[in-house]
Amino acid sequence: MPRAAQANAALTYVPALLRAAGVTLALSLLSMVLAVTIGCAVAAGRVYGPAWSRALLGVYVEVMRGTPVLLQLFVIYYGLSDVVRLPAFLAALLGLGLNYAAYESEIYRAALEAIPRAQLEAARTLGLSERQSLWLVRGPQALRLALAPMTNDFVALLKDSSLVSVITVVELTKQTAIYATNVGSWVVPGILCALAYLALSLPLSRFARRLERRLSLA
């Protein structure tokens, strides 16, 4: 395709790519909210729960971390279709959220267990219950330790959201593939797609590095 035609095609597809980038960002944000919510519950269950719940939650974490997220997306979208046909966006949200929840839970569990026992014993001496100790003593310090890894995980999730294109979600990668197929080349579409991902992820990466430096000095 002549350069002039490629330039016109690029201008034509830019609005569609921007809309697809919005879908990517929305999916990533919602998936991260789900991952953080479930991850907190799993971490709390593994730290405070009885032995049977710790074992079950441990199995969940190992299964989700030990199998590819692409396979999990296929199972949720196609494998469950005989039972319930989920919309592609919802299946993508569940797949990414459940997968990253396993990673988030390990971050939170490690952060909770990193708090010195002397502080927990001091909280008990002051008459605080386990719940009060979690909310007032252990939780805030664990959050400080977990913030930087959480931000890094969000950057990774943003990039992994490209995998949901295989279950027909028209996000940034899928829209780029449509664009490339129509113009018969991946050069310009690939460059535009890469620039879009960089525009979304670089601010987050810089924020994560700044946060790590600030926490290391605190």
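Presented here is a report on the structure given in the accompanying data block. (Residues numbered from 1 in each chain as written. Predicted model: local features only at pLDDT ≥ 70, side-chain atom pairs only at ≥ 80, totals over all residues. Heavy atoms only, no water.)

### Regarding the overall build of the protein chain
Counted only if it meets this: By the criteria applied, helices consist of DSSP H or I runs no shorter than four residues and strands consist of E runs no shorter than two, each listed in order from the N terminus. Relative accessible area decides the class of each residue, using a 1.4 Å probe on protein chains only: under 20% of the type maximum gives buried, over 50% gives exposed, and in between gives partly exposed. We call two residues in contact when some of their heavy atoms are within 4.5 Å. Only the protein chains shown count as covering a residue, and every accessible area follows the Shrake-Rupley method with a 1.4 Å probe. Just so you know, the count uses Lys and Arg for positive and Asp and Glu for negative, and it drops His and the chain ends. In this description, the location of a charge corresponds to atom NZ of lysine, CZ of arginine, CG of aspartate or CD of glutamate.
A count of helices and strands for the protein chain gives eight helices and zero strands. Its helices and strands in sequence order give the protein chain the pattern α-α-α-α-α-α-α-α, from N to C terminus. Counting only C-alpha atoms, the protein chain reaches 75 × 50 × 20 Å along its principal axes. By the burial criterion, 39% of the 218 residues in the protein chain qualify as buried. Counted over contacts in the protein chain with a minimum sequence separation of 6, partners at least 24 positions apart contribute 74%. Summing over all exposed atoms, the protein chain offers an accessible surface of approximately 12,000 Å²; the carbon and sulfur share of this is 68%. Side-chain charges of the protein chain comprise 19 positive and 11 negative groups, with the mean position of each set lying 8 Å from the other.

### What to know about the side chain of arginine 46
Rule in force here: As used in this structure description, the phrase polar contact means that two N or O atoms lie within 3.5 Å; if the pair is within protein, one of them must be able to donate a hydrogen and the other to accept it, and residues adjacent in sequence are counted only when both atoms belong to side chains.
Within the fold, arginine 46 resides in helix α1 (residues 3-48). The buried category is assigned to arginine 46, whose relative accessible area is 19%. Polar side-chain contacts of arginine 46 include one of 2.6 Å to the side chain of glutamate 106. Apart from the residues lying within four places of it in its own chain, the contact partners of arginine 46 are Arg54, Leu57, Gly58, Val61, Glu106 and Arg109.

### Examining the environment of leucine 143
Among the structural elements, leucine 143 can be located in helix α6 (residues 130-160). Each C-alpha atom, one on leucine 143 and one on valine 14, is 39 Å from the other, the two residues being 129 residues apart in sequence.

### Some details on the packing of helix α2 (residues 51-66) against helix α4 (residues 88-113)
Condition: The angle between two axes is taken between their N-to-C directions and runs from 0 to 180 degrees, where each axis is a line fitted to C-alpha atoms and a helix contributes only its stretch in contact. Working definition: roughly parallel below 35 degrees, roughly antiparallel above 145 degrees, roughly perpendicular at 65 to 115 degrees, and oblique for all remaining angles. Note on convention: the crossing is left-handed when the near helix lies turned anticlockwise from the far helix by less than a right angle, right-handed when the turn is clockwise. Under this grouping Gly is polar, as are all residues other than the nonpolar Ala, Val, Leu, Ile, Met, Phe, Trp, Tyr, Cys and Pro and the charged Asp, Glu, Lys and Arg.
Put simply, α2 and α4 touch, their axes get as near as 8 Å, and they point 120 degrees apart. Compared by their axis directions, α2 and α4 come out oblique. In this structure, the crossing between α2 and α4 has a hand that is left-handed. Here Tyr60, Val61, Met64 and Arg65 of α2 lie close against α4, whose contacting residues are Leu98, Asn99, Ala101, Ala102, Tyr103, Ser105 and Glu106. Looking at the contact of α2 with α4, its residues break down into seven nonpolar, two polar and two charged.

### Concerning unusual backbone geometry
Even without being glycine, threonine 168 reaches a positive phi, approximately 75 degrees. Summarising the element assignment, threonine 168 is placed in the loop between α6 and α7 (172-183). Threonine 168 gets classed as partly exposed once you look at its relative accessible area, which sits at 43%.

### Comments concerning the pattern of salt bridges
Put simply, the rule is: Every case where a carboxyl oxygen of Asp or Glu lies within 4 Å of a side-chain nitrogen of Lys or Arg is listed as a salt bridge.
Considering all chains together, one arrives at four salt bridges under this definition. With a shortest N-O distance of 3.2 Å, glutamate 62 and arginine 65 are connected by a salt bridge. With glutamate 62 and arginine 65 both in helix α2 and three residues apart, this pair spans about one turn of that helix.

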